Amino acid sequence: MVKFDGIVGKALLTVTEKENEVTLVFADNRFLFLTLENGKLKAVSVPE
(Lines give C-alpha, C1' and ligand atoms only; values in the text may rest on other atoms or scores of the structure.)
Protein backbone atom coordinates (compact mmCIF):
# COMPACT_ATOMS: atom_id res chain seq x y z
CA MET A 1 0.00 0.00 0.00
CA VAL A 2 1.36 3.36 -1.00
CA LYS A 3 0.22 4.84 2.30
CA PHE A 4 3.01 2.99 4.12
CA ASP A 5 5.85 3.46 1.61
CA GLY A 6 7.49 6.02 3.92
CA ILE A 7 8.26 3.40 6.57
CA VAL A 8 9.39 0.55 4.32
CA GLY A 9 13.04 -0.12 5.02
CA LYS A 10 13.23 2.36 7.94
CA ALA A 11 14.74 1.26 11.25
CA LEU A 12 12.20 0.63 14.01
CA LEU A 13 13.33 2.68 17.02
CA THR A 14 10.64 2.19 19.68
CA VAL A 15 7.37 0.41 20.32
CA THR A 16 4.87 1.78 22.84
CA GLU A 17 1.87 -0.26 23.92
CA LYS A 18 -1.28 1.14 25.54
CA GLU A 19 -4.75 -0.29 25.93
CA ASN A 20 -6.11 -0.90 22.40
CA GLU A 21 -3.18 0.99 20.83
CA VAL A 22 0.36 0.26 19.66
CA THR A 23 2.66 3.04 18.45
CA LEU A 24 5.68 2.24 16.30
CA VAL A 25 8.35 4.93 15.89
CA PHE A 26 10.65 4.61 12.90
CA ALA A 27 13.76 6.52 11.82
CA ASP A 28 13.18 10.03 10.41
CA ASN A 29 10.36 10.64 12.96
CA ARG A 30 7.83 8.47 11.17
CA PHE A 31 5.05 7.03 13.28
CA LEU A 32 2.61 4.17 12.76
CA PHE A 33 -0.38 4.12 15.11
CA LEU A 34 -2.28 0.85 15.33
CA THR A 35 -5.59 0.95 17.20
CA LEU A 36 -8.38 -1.50 17.81
CA GLU A 37 -11.81 0.06 17.23
CA ASN A 38 -14.99 -1.99 17.39
CA GLY A 39 -13.01 -5.19 16.82
CA LYS A 40 -11.22 -3.85 13.71
CA LEU A 41 -7.59 -2.87 13.37
CA LYS A 42 -7.03 0.72 12.23
CA ALA A 43 -3.61 1.94 11.04
CA VAL A 44 -2.56 5.57 10.72
CA SER A 45 0.85 6.57 9.37
CA VAL A 46 2.33 10.01 10.15
CA PRO A 47 3.51 11.59 7.92
CA GLU A 48 1.61 9.82 5.17
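Just so it is clear, the structure is predicted and the values come from calculations on it, not from any experiment.

What counts, and at which threshold
- Residues numbered from 1 in each chain as written.
- Predicted model: local features only at pLDDT ≥ 70, side-chain atom pairs only at ≥ 80, totals over all residues.
- Heavy atoms only, no water.
- Helix = DSSP H or I, 4+ residues; strand = E, 2+ residues; numbered from the N terminus.
- Buried < 20%, exposed > 50% of the residue type's maximum accessible area, 1.4 Å probe, protein only.

Novice: Tell me about unusual backbone geometry, and name the residues and values.
Specialist: The omega torsion of the bond from Val46 to Pro47 falls at -15 degrees, within 30 degrees of zero and hence cis. In this structure, Asn20 is a non-glycine residue whose phi angle is positive, near 60 degrees. Checked against the element boundaries, Asn20 lands in the loop between β1 (12-18) and β2 (21-26). Judged by its relative accessible area of 46%, Asn20 is partly exposed. Phi is positive for Asn29, which is not a glycine, with a value near 55 degrees. Overall, the relative accessible area of 60% leaves Asn29 in the exposed class.

Geometric values such as these leave the question of function open.
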